[in-house]
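Here is what each chain is made of, one letter per residue.
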Amino acid sequence: FLGDMFDSTMNYVFRNAVLAYAAGGNAGDLVASLEAVREAYPPQAFHALMNLLSTHDAARALHQFGFHDDTKHAAKIAQAKQRLLLAVFLQMTYPGAPTIYYGDEVGVTGGDDPYNRATYPWEDVGGAPDNALLAEFKKLTRLRHDHAILRRGRLLAPLHVDEHVVVFAREHEGRWVLTALNNAAVPKTVTV
């Protein structure tokens, strides 16, 4: 990452930390992992890291959150999708290059390789993409697209971290944005 070899890498540290947090893990652990990456890489590399949640090498995010191909319990499926959207929100608001593995945006599940490489569920050939989930993904990707600060803004130290909540601040050209995440099953109130 010093300009002589690689420009970026698949950021599995980000993936593992974000998936653990979105599944209910401690926000302090999330911040510790993310800060370790930020401290280890030069800024230009840090802002180019492939921030991914699912890949061809690991079980898909929805699978990690408990939604498997044979899951029928509606509440468990809804919870897994909510956890995925929390992870995607962080992915779209954090420095780096958010990378969506095909099919995550329409609810493709799949465990360890090769099951994580399932085909895309095209409607015209009998598939059933989750269009409601796709709409939520589009909102989150549009949020990043519409606000340069989410693409280029510098990240400050977290403004708040407790067991469930983390609040990040970013600044770009005199503008500020705060992003707050809560992985608890109930709303939380914090003061920053």
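Look up a bit, the structure's there.
Cut-offs applied
- Residues numbered from 1 in each chain as written.
- Predicted model: local features only at pLDDT ≥ 70, side-chain atom pairs only at ≥ 80, totals over all residues.
- Heavy atoms only, no water.
- Helix = DSSP H or I, 4+ residues; strand = E, 2+ residues; numbered from the N terminus.
- Rg over C-alpha atoms; globule rule 2.2 N^0.38 Å.
- Buried < 20%, exposed > 50% of the residue type's maximum accessible area, 1.4 Å probe, protein only.
- Contact = heavy atoms within 4.5 Å.
- Areas by Shrake-Rupley, 256 points an atom, 1.4 Å probe, with all protein chains shown as cover.
- Lys, Arg positive; Asp, Glu negative; His and termini not counted.
- Charge placed at Lys NZ, Arg CZ, Asp CG, Glu CD.
- Core = buried A, V, L, I, M, F, W, Y, C linked by side-chain atoms within 4.5 Å.
- Pairing = 2+ DSSP bridges.

> What should I look at first to understand the overall build of the chain in this one?
For the chain, the helix and strand inventory stands at seven helices and six strands. Reading the secondary structure of the chain in the N-to-C direction produces α-α-α-β-α-α-β-α-α-β-β-β-β. Here the C-alpha radius of gyration of the chain, 17 Å, is about what a compact globule of 192 residues would show, namely 16 Å. Projected onto its principal axes, the C-alpha coordinates of the chain cover approximately 50 × 45 × 30 Å. Burial status across the chain gives 43% buried among its 192 residues. Considering only intrachain contacts with a sequence separation of at least 6, the fraction spanning at least 24 residues in the chain is 65%. Of the accessible surface of the chain, which amounts to about 10,200 Å², a share of 55% is contributed by carbon and sulfur atoms. Each charge class in the chain can be summarised by its mean position, and for the 18 positive and 21 negative side chains these summaries are 5 Å apart.

> Looking at this model, I keep getting lost on unusual backbone geometry. Mind explaining?
Trans peptide bonds make up most of the peptide bonds, and negative phi angles are found at most residues other than glycine. Geometrically, the link from D113 to P114 is a cis peptide bond, its omega value of 15° lying close to zero. Structurally, P114 can be placed in the loop between β2 (97-99) and α6 (131-146). Positioned with a positive phi, E173 is a non-glycine residue whose angle comes to about 50°. Structurally, the position occupied by E173 is in the loop between β5 (165-172) and β6 (175-182).

> Could you clarify how one ought to interpret the nonpolar core in this entry?
Side chains of nonpolar character tend, in soluble globular proteins, to be buried together. L30, L53, L84, Y94, V166 and F168 are the most contacted members of the largest nonpolar core, which has 35 residues in total. Element by element, the count of residues in this core is highest for helix α5 (residues 74-93), at nine residues. Those residues in contact with L84 that lie beyond four places of it in its chain are L53, A61, L62, F65, D104, L133 and F137.

> Got a minute to help me understand the pairing of β6 in this structure?
Regular strands place side chains that alternate from one sheet face to the opposite one. Pairing of β5 with β6 involves eight bridges; the strand directions are antiparallel. Across the sheet, residue V167 finds its bridge partner in β6, namely A180. In sequence, β5 turns back onto β6 through a hairpin of two residues, with E173 there showing a positive phi of about 50°.

So far we have only geometry, and geometry alone does not tell us how the molecule works.
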